[in-house]
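Single-letter residue listing:
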Amino acid sequence: MPKKINNQLTKGTAWLAFGNITSRVLGAIYVVPWTIMLGALSLQANTLMGKGYNLYQFFLMLSTAGLPSAVAKFTAQLDGINRKEFLKKATILSIIAGIVCSTLLWLLAPILSMGDKNVIPVLHSLSISVLMFPYLSILRGQLQGQLRMAEIAMSDIIEQTVRVCYMLLSTYLILYIQHGNWVSVVVHSTFAAALGAFSAIIYLLLCMHRRSIISNKEATNNITINFKDVILQSLPFVIIGGFLSTYQWIDQFTFHPLISMFNPNLPSKEIEEIFGIFNFNINKLVMIIVSLSVSIASTVLPLITQHRFHQNLLKKYISQAYLLFSAITLPACVALYTLGKPVYIVFYGNFANDKQYVPMIQISCLIALFMGLSTVLAMILQGLSKKSIALRSIFIGLIFKIVLQPFFIFTTGNIGPLLSTLVSLIVITLFMGIYVNKRFTVTQNIDTKSLNFIYIISLILLILFSLINMATERIVPHTRIGESIFLFLIGSLGGIILLISYQKSHILEKIKDK
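On a predicted model such as this, the values are computed, not experimentally measured, just so you know.

Calculation criteria
- Numbering of residues starts from 1 in each chain and follows the order in which that chain's sequence is written.
- Predicted model: local features are reported for residues with pLDDT of at least 70 only, side-chain atom pairs are reported and counted for 80 or more only, and whole-chain, interface and lining totals are derived from all residues.
- Think of the side-chain values as coming from all heavy atoms in the structure, minus any hydrogens and water.
- In this description a helix means any DSSP run of H or I spanning at least four residues, a strand means any run of E spanning at least two, and both kinds are numbered starting from the N terminus.
- Type-normalised accessible area, obtained with a 1.4 Å probe on protein chains alone, sets the label of each residue: buried when under 20%, exposed when over 50%, and partly exposed for intermediate values.
- Pairs of residues are marked as contacts when any of their non-hydrogen atoms sit within 4.5 Å.
- Computed with the Shrake-Rupley method and a 1.4 Å probe, the accessible areas treat only the protein chains shown as cover for residues.
- Confidence of the prediction at every residue is given by pLDDT, a number between 0 and 100.
- The rule for a salt bridge is simple: a side-chain nitrogen of Lys or Arg has to be within 4 Å of a carboxyl oxygen of Asp or Glu.
- Helices are assigned an expected span. That span is 1.5 Å times one less than the residue count.
- The seven residues ending at a residue and the seven starting there each receive a fitted axis; the angle between those axes is the bend at that residue.
- Only rings of Phe, Tyr and Trp enter the pairing, Trp through its six-membered ring, and a pair is recorded when the two centres are within 6.5 Å. The plane angle decides the type: under 30 degrees is stacked, over 60 is edge-to-face, the rest tilted.
- Each axis is a line fitted through C-alpha atoms, taken for helices only over the stretch in contact, and angles between the N-to-C directions span 0 to 180 degrees.
- In a left-handed crossing the near helix is turned counterclockwise from the far helix by less than a right angle, and in a right-handed crossing that turn is clockwise.
- Residue polarity follows a fixed list, in which Ala, Val, Leu, Ile, Met, Phe, Trp, Tyr, Cys and Pro are nonpolar, Asp, Glu, Lys and Arg are charged, and the others, Gly among them, are polar.
- Here a patch means residues that are over 30% exposed by relative accessible area and free of salt bridges, tied together within 9 Å if like-charged and within 5 Å if nonpolar (Val, Leu, Ile, Met, Phe, Trp, Tyr).
- Roughly parallel means an angle under 35 degrees; roughly antiparallel means over 145; roughly perpendicular covers 65 to 115; every other angle is labelled oblique.
- N or O atoms within 3.5 Å of each other form a polar contact, as long as, within protein, one can give a hydrogen and the other can take it, and as long as residues adjacent in sequence are counted only when both atoms are side-chain atoms.

Before going further, it helps to spend a moment on the overall build of the chain. For the chain, the helix and strand inventory stands at 20 helices and 0 strands. Going through the 514 residues of the chain one by one, you find that 57% of them count as buried. Within the chain, contacts between residues separated by at least 24 positions form 85% of all contacts whose residues are at least 6 apart in sequence. Approximately 21,800 Å² of the chain is accessible, and the part contributed by carbon and sulfur atoms is 68%.

Summing up the model confidence of the chain, the mean pLDDT is 83 and the portion of residues at 70 or higher is 82%. When pLDDT is averaged over each element of the chain, helix α15 (residues 387-412) comes out on top at 93 and helix α1 (residues 3-6) at the bottom at 48. Here residues 1-6 is modelled with pLDDT under 50, and outside its nearest four sequence neighbours on either side it reaches 7 contacts, counting other chains as well.

With that settled, the discussion passes to the environment of Leu-462. Note on placement: Leu-462 falls in helix α18 (residues 448-471). Measuring from C-alpha to C-alpha, the distance between Leu-462 and Ala-335 comes to 7.2 Å, with 127 residues separating the pair along the chain.

A word on the pattern of salt bridges. Throughout the structure, instances matching the rule amount to 7 salt bridges. With a shortest N-O distance of 2.8 Å, Lys-401 and Asp-251 are connected by a salt bridge. Pair noted here: Lys-401 is in helix α15 and Asp-251 is in helix α10 (residues 227-262), with a separation of 150 residues, a long-range link. We classify Lys-401 as buried; its relative accessible area is 0%. Asp-354 is the partner of Lys-341 in a salt bridge, and the nearest nitrogen-oxygen pair spans 3.1 Å. Taken together, the residues Lys-341 in helix α13 (residues 340-348) and Asp-354 in helix α14 (residues 354-383) connect sequence positions 13 residues apart. Through salt bridges with shared partners, one network takes in Lys-51, Asp-116 and Glu-272.

What follows concerns α15. Compared with the 38 Å implied by 1.5 Å per residue over 26 residues, the 35 Å span of α15 between its first and last C-alpha is a close match. A maximum bend of about 45° is found in α15 at Leu-404, where proline Pro-406 lies one to four positions downstream. Every buried residue of α15 is accounted for by Lys-387, Ile-389, Ala-390, Ser-393, Ile-394, Gly-397, Leu-398, Lys-401, Gln-405, Phe-408 and Ile-409. One or two positions beyond α15, positive phi appears at Gly-413, with a value near 75°.

Turning to the packing of aromatic side chains, a few remarks are in order. Applying the stated criterion across every chain, the model contains 15 aromatic pairs. Arranged with centres 4.9 Å apart and planes meeting at 90°, the rings of Phe-58 and Trp-249 form a pair that is edge-to-face. A residue pair is termed long-range when its members are at least 10 positions apart, and Phe-58 in helix α4 (residues 42-64) and Trp-249 in helix α10 qualify at 191 residues. For Trp-249, a relative accessible area of 12% corresponds to the buried category. An aromatic cluster of three or more residues is present, and its members are Tyr-344, Phe-347, Tyr-348 and Tyr-357.

Before going further, it helps to spend a moment on the packing of α4 against helix α9 (residues 182-210). Relative orientation of the contacting elements α4 and α9 amounts to 35°, with a least axis distance of 10 Å. Remark: the crossing between α4 and α9 carries right-handed chirality. Along its contact with α4, which presents Gln-44, Ala-45, Leu-48, Met-49, Tyr-53 and Tyr-56, the element α9 presents Trp-182, Val-183, Val-186, Ser-189, Thr-190 and Ala-193. Split into classes, the residues belonging to the contact of α4 with α9 amount to 9 nonpolar, 3 polar and no charged.

This part is about unusual backbone geometry. Within the chain, Met-114 stands out as a residue other than glycine whose phi angle is a positive 55°. Mapped onto the secondary structure, Met-114 falls in the loop between α6 (80-112) and α7 (119-145). Within the chain, His-179 stands out as a residue other than glycine whose phi angle is a positive 55°. Counting through the fold element by element, His-179 comes out in the loop between α8 (149-177) and α9.

What follows deals with a nonpolar patch on the surface. On the surface, Ile-92, Ile-96, Val-100, Leu-104, Trp-106, Leu-107, Leu-108 and Ile-111 cluster together into a nonpolar patch covering about 750 Å² of accessible area. When you line up the elements, Val-100 lands in helix α6. Residue class for Val-100 comes out partly exposed when judged on its relative accessible area of 44%.

With their axes 11 Å apart at the nearest point, α18 and helix α19 (residues 480-504) run at an angle of 160° to one another. Looking at the two axes, α18 sits roughly antiparallel to α19. In this structure, α18 crosses over α19, and the sense of that crossing is right-handed. Two secondary-structure elements touch here, α18 through Phe-453, Ile-454, Ile-457, Leu-461, Leu-464, Phe-465, Ile-468 and Asn-469 and α19 through Phe-486, Ile-490, Leu-493, Gly-494, Ile-497, Leu-498, Ser-501 and Tyr-502. In the contact of α18 with α19, the residues fall into 13 nonpolar, 3 polar and no charged.

Counting through the fold element by element, Leu-173 comes out in helix α8. For Leu-173, a relative accessible area of 37% translates into the label partly exposed. It is 9.2 Å that separates the C-alpha atoms of Leu-173 and Val-185, two residues lying 12 residues apart in sequence.

Relative to the 36 Å expected for 25 residues at 1.5 Å per residue, helix α16 (residues 416-440) spans 36 Å between its end C-alpha atoms, a close match to the ideal helical length. Among the residues trailing α16, Thr-441 stands out with phi positive, at a value near 40°.

Turning next to the side chain of Ser-424. Note on placement: Ser-424 falls in helix α16. Look at Ser-424 and you get buried, because its relative accessible area is 0%. Here Tyr-247 takes part through its side chain, which lies 2.7 Å from a polar atom of the side chain of Ser-424. Non-local contacts of Ser-424, meaning those with residues more than four positions away in its chain, are made with Tyr-247, Gly-397, Leu-398, Phe-400 and Lys-401.

Tracing the chain through its elements places Leu-55 in helix α4. For the pair formed by Leu-55 and Ser-113, sequence separation is 58 residues and the distance between their alpha carbons is 9.3 Å. Look past the residues within four positions of Leu-55 in its chain and what remains in contact with it is Leu-112, Leu-123, Gln-252 and Phe-253.

Given below as structure tokens:
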């Protein structure tokens, strides 16, 4: 097999990781100046934004209908005139889906707000983004199918840069020039998603114009795809691609009623603040880690689709994907687990009770680990056309989440929703992992020496970071500047240790040359 094909997973993952992490970091870093400008109102503003975004993600999932992954799969399979016809139909479908879902979100906003009038204008502003995003997903899916990950990565960065710039500029103008209120700030901050999506569309259209993947040549295969095929292929992707957001929706509609029932004396405002901390603030930090796994999974899909009839190649790609996942995601989870308090203060300020949010961050790191692994496994199963296995696993896992939610909230209080999510993701990962391992004997094909080394170095980092954190707890000032300096120093130390360790153990070479 040519070396060029052998390195596609690593190169694709590198580009998507770069784009995903950069866009995620941009999407998290804006919080620092944003919360500084809002001051003590930032927690309320974040909670409102979180409520809007949770519902927005649901309609976004419906409107895109898993189109990026479905388009990527068919773009990899088809060529010539067949590919052209398929992409034309997929584009029409995306436009219709955008119009329908955007209209629904706008009209249903008063009902979905559940009595919170501030949520209505937020949902209206987000409906504009829902209108555009399906078409953007089609463009990204085309490039993903051709493994043109660099252009996808750049579109992510452009989208987030435009979004963040508008958010910060509008916030400054509303608060300091117009002397407006925090609700207007949130409305404009959510509208920024539409401007970001529009900018990414313009960039990708220019990329497609420079190097089109569409041709009128005779197809080399006889596969024909119609609208029904596109819809049937996309529907499973809706559930598989959006099940991570389902946990946030379940929490949004069940946490407040359940915690109020079990703790009737707890003020409603405090419940909303607790919800905002774990469902939006901490989730935003955790999703930076999950984006690493999504990078790996997004690259695995077209490769597995292209080589799905080559058993040995599939075993190699799946084993390499797991090694990549462990080498990148595990140390990232360890870092956030041990340094959760300083990271939270840097992003959100020292307004919340650390005894409340630190355990939430630590549980969320475990969630991120299983969330990432389940994402990689789900993409592998999609590439193998074993969507039924993934769907069954997700369905069983979500049942666990719903059934255990009241029990954990009653027994553990604020961290209950996180514990029920963790158990659910463990169940999903086990179901999918057992099938993939049974089919491709991953445990027998993987480089156990390198994998064990990754586990050991992650454990060393866990102990080291924990000791340093405890030793400096009373020395480092709990301010944004103080914690930023601390994180820079300890992060540099951890990064150097990790890089040298991977270099000395030849893990970097193995990942690159597999």
